[in-house]
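Remarks on the overall topology
For reference, the chains in residue letters:
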Amino acid sequence: MPEVRGGGTSLPVSRRGALAGAAAVTGAAVGAAVAGAWGGDTASAEAGAAVFGPVTVRPGDVRYDSLLRGNNFRFVGRPEEIRVVGSTDQVVRAVSEAVRSGKRVAVRSGGHCFENFTADPAVRMLLDLSPMDAVGYDADRGAFSVQPGATLGHVYRTLLTGWGVTIPGGGCPEVGAGGHFAGGGYGPLSRRYGSVVDHLYGVEVVVVDRDGTARAVVATREPDDPNRDLWWAHTGGGGGNFGVVTRYWLRTPGATGTDPSRLLPASPGRMVQHVIFWSWEHMTEQALTGLLRNFGTWHERNSAPGSPYAGLYGIIQPSHRAAGTVMLLAQIDADIPGAEGMVTDFVSAVTAGVDLTPALDLRRTMPWLHRMTWPGSGEPGDVLIRRYKLKAGYLRRSFTETQLAAVYRNLTNSTGGQGAGLLLVGYGGQVRAVAPGDTAIAQRDVVMKAVYQTIWGEEADDAANLAWVRGFYRDVYADTGGVPVPGEVNDGSYINYPDADLADPEWNTSGVPAHTLYYKDNYPRLQRVKARWDPRNVFRHALAIEPPQPG
């Protein structure tokens, strides 16, 4: 849905699901996409379309408050200006002005950042890239072009409509591609096809040289590209660290030829989705920990690259007891041979030995695009309920018994609310086929992601909700200083679920710095890229990659 971008994050089920227990274009962009779909390239399509902006909005302007907020209403900045831009040239000029005037700049595409990266009081110019939302095929580069303001739903729809292809991105359609891609990107197809950045061919980035000159640079994964390190940094290094991404190019490694329909993974036509809800009324500690243990064990056994089950994506979402439900979700491409049987096997494995009667048990087959782009599935149902805090951790295997006890303890205490809960998300599969140093994503030997979340509506409830989720997280990782220190079970955290607490010694007593939790052994290399491409440290935020220390 995390360039400091609020479009860096995307949860695999809707945030509304935490509250209700449920699973989860502009004309210029359409013109560009259609032109690309029928044989034109992105550049020529854009040349024939009107370019938006730039528009400068300052305090007192009727538009200011409407453009100010991102998705998380906990954070509201007060920049001197919001610059809404529609082209790379406009970004270059805006960044040049910010550097020349000494203004701190932050960048937003979709606005879904979980922390205050774009709302930091120090930010004086907020760059809004939302008009830059073109998606198309670039015949000159032999790759698909995606601008940062394109939402994931728009990307999926355009790729499917034009060429029958897709990318393994997140399940929230309103998240912006800008930050989501830079942080790695994953979703319901990642076990089958890897992370989004495993298909990243190149980036166009507005950087600032040591003398303060802003310029656009193209970097690709080609071995002889002198800018290749800048491409590598954007394969999971996170937004807000090196410059402003103004375009991504996507093509699966090893794909050959000039037929666009063969250059990215084929889009599924239909998805089988099976969802089960259990009521907390009959949920015992033995039952809940049994479900979670079984879910983890299944992923330990079925998450190797090439596994027959790599196409199956599973989620288990135990809400706090106050919310009333525990959910299990499985989905798979309906046209994979044996898909229905694999879902049945998965559900049987997760529920084995657990004596519970579901409140709802439903399996349906639906069009894939319907599942991925249904309006609003990435947003809370009530626009007033937009305050949230999320924390995350990678898992190399199932939770330990001590961790499972902590999960139950915190999901049944008296301080959690209706928007509180845990999410365990299936990962691994093809993700594990890539070496940790080949991209900036270091956590390749993992099978699940854990998300600890609480969502609420009123500012008066901030302290209680923050205390609950922070206490939950610290309890689960009590043996490693309150954070998921890489080891046999845990493997750090995911930068697209940014959590400033990891850099706060009050909440991280492990002695392991936040940058190690996010990047592990890749951090020194990211620092070298930072030194080369952002020598003035123009692009920074609370969890930014720091320039290497002299000497």
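To be clear, the structure that these remarks concern was listed above.
In this report, the structure presented in the accompanying data block is examined. What you are looking at is a predicted structure, and each value in this text was computed from that prediction instead of being measured.

Points about the sheet that holds strand β15 (residues 421-426)
Taking strand neighbours across the sheet as the criterion, the seven strands line up as β13-β10-β12-β11-β15-β16-β14 in an open arrangement whose pairing is antiparallel. Edge strands, defined here as strands with exactly one partner in the open sheet, are β13 (360-367) and β14 (387-395). Direction aside, neighbouring strands of the sheet carry axes that sit 15 degrees apart on average. As paired elements, β15 and strand β16 (residues 448-456) share six bridges and run antiparallel to each other. Residue pairing in the sheet places G426 in a bridge with M448 of β16. Relative to the sheet, helix α11 (residues 339-351) contacts β10 (270-279), β11 (313-318), β12 (325-333) and β13, its axis offset from that of β12 by approximately 155 degrees.

Focus: the pairing of strand β8 (residues 214-220)
Bridging between strand β7 (residues 200-208) and β8 involves seven bridges; their strand directions are antiparallel. Bridge pairing links E204 to V218 in β8. In sequence, β7 turns back onto β8 through a hairpin of five residues, with G212 there showing a positive phi of about 95 degrees.

Here we look at the pattern of salt bridges
This model, assessed by the stated rule, comprises 30 salt bridges. Residues D128 and R108 are paired through a salt bridge, measuring 3.5 Å at the closest nitrogen-oxygen approach. Here the residue D128 occupies a position in strand β4 (residues 125-128), and R108 occupies one in strand β3 (residues 105-108), the gap between them amounting to 20 residues. Here D198 ties to R444 by a salt bridge, and the two come within 2.7 Å at their closest N and O atoms. Note that D198 is positioned in the loop between α8 (190-193) and β7 and R444 in the loop between β15 and β16, a separation of 246 residues in sequence.

Structural notes on the pairing of β3
Within a regular beta strand, the side chains point alternately toward one face of the sheet and then the other, so they alternate between its two faces. Taking every second residue as pointing to the same face, both faces of β3 are buried, with V105 and V107 on one and A106 and R108 on the other. Judged from the four bridges that link them, β3 and β4 form a sheet pairing that is parallel. Following the sheet pairing, V107 is matched in β4 by L127.

Looking at the nonpolar core
F399 and Y452 are the most contacted members of the largest nonpolar core, which totals 110 residues. Within the second largest apolar cluster, 21 residues are counted, among which are I315, L329, A392 and L423.

Details of the packing of aromatic side chains
Evaluated as defined, the whole model comprises 23 aromatic pairs. Plain terms: the ring middles of Y186 and Y427 are 5.5 Å apart, the flat faces sit at 80 degrees to each other, and that makes the pair edge-to-face. Here Y186 is found in the loop between α7 (177-182) and α8, whereas its partner Y427 is found in the loop between β15 and β16, with 241 residues between them in sequence. Given the relative accessible area of 2%, Y427 is considered buried. Measuring from centroid to centroid gives 6.1 Å for F295 and F346, while their planes differ by 75 degrees, and the two rings are edge-to-face. Within this pair, whereas F295 is found in helix α10 (residues 285-301), its partner F346 is found in helix α11, the two being separated by 51 residues in sequence. The burial state of F295 is the same as that of F346; both residues are buried. Each residue in the set F114, Y186, Y388, Y394, Y427, Y494 and Y497 is aromatic and connected to the rest through ring pairs, giving one cluster. Directly above the ring of Y473 sits K391, whose terminal nitrogen or CZ lies 4.6 Å from the centroid.

A look at the sheet that holds strand β1 (residues 55-57)
The sheet built from four strands is open, its strands ordered β1-β2-β4-β3 with mixed pairing. The sheet is open, and its two borders are formed by β1 and β3, each paired with just one other strand. Strand-to-strand, the axes of this sheet are offset by a mean angle of 20 degrees, without reference to chain direction. The strands that helix α5 (residues 88-101) touches are β2 (81-84), β3 and β4; relative to β4, the one it contacts most, it runs at about 175 degrees.

Some thoughts on unusual backbone geometry
With an omega of 0 degrees, the peptide bond between G53 and P54 qualifies as cis. On the secondary structure map, P54 appears in the loop between α3 (42-47) and β1. Its identity as a non-glycine residue notwithstanding, K520 has a phi of 50 degrees, on the positive side. Checked against the element boundaries, K520 lands in the loop between α15 (514-519) and α16 (523-533).

Criteria and thresholds
- Residues numbered from 1 in each chain as written.
- Predicted model: local features only at pLDDT ≥ 70, side-chain atom pairs only at ≥ 80, totals over all residues.
- Heavy atoms only, no water.
- Pairing = 2+ DSSP bridges.
- Helix = DSSP H or I, 4+ residues; strand = E, 2+ residues; numbered from the N terminus.
- Axes fitted to C-alpha atoms, helices over the stretch in contact; angles between N-to-C directions.
- Contact = heavy atoms within 4.5 Å.
- Salt bridge = Lys/Arg side-chain N within 4 Å of Asp/Glu carboxyl O.
- Buried < 20%, exposed > 50% of the residue type's maximum accessible area, 1.4 Å probe, protein only.
- Core = buried A, V, L, I, M, F, W, Y, C linked by side-chain atoms within 4.5 Å.
- Phe/Tyr/Trp six-rings, centres within 6.5 Å; stacked < 30°, edge-to-face > 60°.
- Lys NZ or Arg CZ within 6 Å of the ring centre and 35° of its normal.

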